[in-house]
Amino acid sequence: MALPDSITTCLSQPVHYAICKLGFEKKDTYNIDNILSGNGEVCWPAVTEHVCYLESDQSVDYIKSIRSLGPVCESVNSYFKSLTKEQFVIQYASWFHWTNCTEVFLKAFDVLQSTQATEVALGLMKLTSCLERALGDVYLLKGNDCPFLLRDLLASEQLANVFGQAVMNVLRVFIGSPRGLNLRNVLWHGFASPQEIPAKYCAMLLFLTAGLGQLLQTYLLQTKGVLVHRPYVIFISLEELDAFPGKHLTTSIFFIILEILSIAEELVKHSSFVLKIMLPFWIAAFTAFKQSRYADSVILLLPQLETGLRLLFTTTNKCPNRLLTAESSALYTTFDEMLAKHLDNEEVNQLPVVLEEPAMESDFLWDFLNHQEGPRIRDHLSHGEVNLETFPREIANQIVGFAITILCKFSDEDMFSLKEHMVIKPLMNCASCYQARFHPISRLKKQVLECMRSIHLWPELATVPEEQEQKIEGLEGNAEANTLILMISEIISQLQHYMPQNCCSSDDPINSVLTERLLVELCDTRICTLYSPRPVLEVVVVLRKISAQCHQVSQQVIAGAGLRHTQWLNKTLRSRQRHNYRRMLSSVKFLSPVLRLILLLITLELVSVHSVCKKNPFDYQQYLKFLKSVLQYTENLVTYTSPDKNKWEETMELTKTTLIKIKKISDKKLMLMHLAT
């Protein structure tokens, strides 16, 4: 593996030249009065005239434009440094209101006065993400479905109509185009070290944002339009993110927090995961966490985790050139590619081999960054979709905890005593036990258990006296009903071989097996979710739909039973409604074990689906068809048990037919499961 100390930059030569040198080549002194009116408004024509165009197709000539705008940026930076904070606020605060995060831009002014290079980089990352979000709000004044990528947003006709194409071209020189400075991407993807980002570019983007606010105000007055800000993303169910329990990172005993972070600050100096040029970012991230600046801490850490993994990725896959920023003709080496099973040349990605426990690192990163049902922290932060002032401490806990564990894994042997420290050891233990939480398989497990808990509430439903319940013709009290109950018992008996021992009672096989306790035990089985093949995911999609429909049926039964019982007590039910209510009460007694059986089959399917899909592709396709027929059954159940239908006789007929299908397929399925084991 390449020694981090030997790497002096992660910027390719052309990108390094563009960011660090090109804007400094012209030594002219530019008069700020040329682009700033007496009342503080931006004179846009004087700014846009510095954008140069190619003679061939009149597209932006980014090289000449960066060179020409260099002195302008220097002048703006010097001007802002000459202002006091009070002067800046009085003159510019109102022009940042359109961004819906005025404070972020006002704090960016403080960054310009700082001597800390990390503060400039952090300020730019926050500034660009908030600016992108605000521009997206403006886009929605004239269009729908705001582009996801900043470069597409800046190139849109909608923004050109509001601000003018010349103004948008100025922005594209600084952000959004891989042929320009591309400041947002080189920072958010961890390519730029703190010393490589000139403060004057932060000053210029602050200046341009104020100017955009002035243009927008004029546009809204002319069109009588109103800018509506999209709501921020709110992270919910934070307890699901608790990979590294908060007690290890946040406690009333403050010195424990300081001890963990002081150890982390020592580890970071001796870890092969960290490039020496990036060390200030790590120290700043831990400092921000200690100061309860949780958004800042995560914003600083995420690009460095990407940089460290890119170092491992490029070394193990023998493509060191991919460590550097890509040119405009190629893609960056980012999290998505580094976490993939194969490289773009179809060769196997060797990064998981180096990680030794790839499931932990990869599952964690997929959970927190990529899975659609996960928090997708990097996406939401980098696109300005999160309120930075209220960013959850709980999420910062997890990112910091993960960072510390990966620092430990790639630390020198002489750091053994630190890695074994009593406050670090619990973090390492949590890491080794980590299982995916937001992979579709993991979400299916959660769905199944929630559905089972709901069905287990049925026996507690208020009912009418037993003697008033109506026996359903063809179901209760005859040989056919007994046959169907026996059929469920036989299916359970056949499945016993694939369940924990001693979970079935011969006296009551249905109620002793179809329990929440058994499903919890089965769901605790560790299943490899990393690189799940497409057939597996196809099955999981169907299983999740089945589980969701079962849960909806349960909720409808609970709600319907409660309503009808109240109406029964109040004697407000008509004769037909009373008859239907009694039929419902009899039906749910039989429907409950059938739905619980389906949930058991779903759970057992999870345990075997990888092997079945791999070894028996033809049989897998047949079984998928069967699952879709079960899905159809549950969808019909939702319709029949809905408050406006209440078709309980049809429900039971449909259930009997489906149960016979399950019995027929169970023998075939058991053969598949046997082959899988």
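For clarity, every value in this text was computed on a predicted model and none was experimentally measured.

S.K.: Would you mind going over the overall build of the chain in detail, with residue names and values included?
M.R.: Tallying secondary structure elements over the chain gives 29 helices and 0 strands in all. Looking at the chain as a whole, 57% of its 677 residues qualify as buried. When contacts within the chain are restricted to residue pairs at least 6 apart in sequence, those whose partners lie at least 24 apart make up 76%. Of the roughly 29,700 Å² of accessible surface on the chain, a fraction of 53% belongs to carbon and sulfur atoms.

S.K.: Provide a residue-level description of unusual backbone geometry, including the pertinent values.
M.R.: Of note, the phi angle at D145 is positive, near 55°, even though the residue is not glycine. Looking at the element boundaries, D145 is found in the loop between helix 6 (117–139) and helix 7 (150–154). Despite not being glycine, N182 shows a phi value in the positive range, around 55°. By the element assignment, N182 lies in the loop between helix 9 (165–174) and helix 10 (183–188). What makes N182 buried here is its relative accessible area of 3%.

S.K.: Describe the layout of surface pockets, with residues and values.
M.R.: Computed from the structure, the second largest pocket encloses a volume of approximately 530 Å³. What lines the second largest pocket is a set of 22 residues, among which Q435, A436, R437, S442 and K445 lie closest to the centre. The set of elements that each furnish at least two residues to the lining of the second largest pocket consists of helix 17 (358–370) and helix 22 (440–455). With 8 residues, the single largest contributor to the lining of the second largest pocket is helix 22. Here the lining of the second largest pocket is composed, by residue class, of 9 nonpolar, 3 polar and 10 charged. Two domains each donate at least three residues to the lining of the second largest pocket, and these are domain 2 (238–433) and domain 3 (444–461 + 478–668).

S.K.: For the packing of helix 9 against helix 11 (residues 199–223), give the residues involved together with the corresponding values.
M.R.: Where helix 9 meets helix 11, the closest approach of the two axes is 11 Å, and the angle between their N-to-C directions is 155°. Judged on the interaxial angle alone, helix 11 and helix 9 are roughly antiparallel. Like other packed secondary-structure pairs, helix 9 and helix 11 cross with a definite hand, here left-handed. Residues V167, V170, L171 and F174 of helix 9 pack against Y201, M204, L205, L208, L212 and L215 of helix 11. In the contact of helix 9 with helix 11, the residues fall into 10 nonpolar, no polar and no charged.

S.K.: Can you lay out the side chain of D61 for me, pointing to particular residues and giving the numbers?
M.R.: Among the structural elements, D61 can be located in the loop between helix 2 (44–48) and helix 3 (62–82). Here K64 takes part through its backbone nitrogen, which lies 3.2 Å from a polar atom of the side chain of D61. Beyond its immediate stretch of four places on either side in the chain, D61 contacts C52, Y53 and L54.

S.K.: Before we move on, could you go through the pattern of salt bridges and cite the residues and values that matter?
M.R.: Applying the stated criterion to the full structure yields 21 salt bridges. Between E265 and K290 there is a salt bridge whose closest N-O contact spans 3.0 Å. In this pair, E265 is assigned in helix 12 (residues 254–267) and K290 in helix 13 (residues 279–290), connecting sequence segments 25 residues apart. Residue class for K290 comes out partly exposed when judged on its relative accessible area of 27%. One network of salt bridges, with partners in common, ties together E240, R443, K446 and E450.

S.K.: Can you lay out empty space enclosed by the protein for me, pointing to particular residues and giving the numbers?
M.R.: Here the structure, examined in full by the defined rule, presents 4 cavities of 30 Å³ or more. Counted as a void, the largest cavity has a volume near 100 Å³. T99, C101, R133, Y232 and G384 are the residues nearest the centre of the largest cavity, which is lined by 14 residues in total. Broken down by element, the lining of the largest cavity gets its largest block of residues, 4 residues, from helix 6. Looking at the lining of the largest cavity residue by residue, the class counts come to 6 nonpolar, 5 polar and 3 charged. Each of domain 1 (10–223) and domain 2 (238–433) accounts for three or more of the residues forming the lining of the largest cavity. Within this model, the second largest cavity holds a volume of roughly 80 Å³. Mapped by element, the contributors of at least two residues to the lining of the second largest cavity are helix 26 (534–569), helix 27 (575–615) and helix 28 (617–640).

S.K.: Quick one: what's the story with the nonpolar core, residue by residue and with numbers?
M.R.: One finds F80, F174 and F391 to be the most contacted residues of the largest nonpolar core, which totals 156 residues. Broken down by element, the residue count for this core peaks at 13 residues, all from helix 11. No fewer than three residues from each of domain 1 (10–223) and domain 2 (238–433) sit in this core. In contact with F174, other than residues within four places in its own chain, are L69, C73, L181, N182, L183, Y201, M204, L205 and L208. In terms of nonpolar packing, the next biggest core, distinct from the first, is built from 67 residues, L444, L519, I546 and L601 among them.

S.K.: Outline helix 21 (residues 425–432), supporting the account with residue identities and numerical values.
M.R.: Along helix 21, the positions that sit buried rather than exposed are L427, C430 and A431. One side of helix 21 holds all its buried residues, which, seen down the axis, span an arc of 100°.

Cut-offs applied
- Residues numbered from 1 in each chain as written.
- Predicted model: local features only at pLDDT ≥ 70, side-chain atom pairs only at ≥ 80, totals over all residues.
- Heavy atoms only, no water.
- Helix = DSSP H or I, 4+ residues; strand = E, 2+ residues; numbered from the N terminus.
- Buried < 20%, exposed > 50% of the residue type's maximum accessible area, 1.4 Å probe, protein only.
- Contact = heavy atoms within 4.5 Å.
- Areas by Shrake-Rupley, 256 points an atom, 1.4 Å probe, with all protein chains shown as cover.
- 1 Å grid on protein atoms, 1.4 Å probe; cavity = no way out; pocket = protein on both sides within 12 Å on 5 of 7 lines; lining within 4 Å.
- Points joined across faces, edges and corners; volume = space filled by probe spheres on them.
- Nonpolar A, V, L, I, M, F, W, Y, C, P; charged D, E, K, R; others polar.
- Domains from an automatic or database assignment.
- Axes fitted to C-alpha atoms, helices over the stretch in contact; angles between N-to-C directions.
- Parallel < 35°, antiparallel > 145°, perpendicular 65-115°, else oblique.
- Left-handed = near helix turned anticlockwise from the far one by under 90°.
- Polar contact = N/O pair within 3.5 Å; in protein donor to acceptor, adjacent residues only side chain to side chain.
- Salt bridge = Lys/Arg side-chain N within 4 Å of Asp/Glu carboxyl O.
- Core = buried A, V, L, I, M, F, W, Y, C linked by side-chain atoms within 4.5 Å.
- Arc of directions from axis to C-beta.

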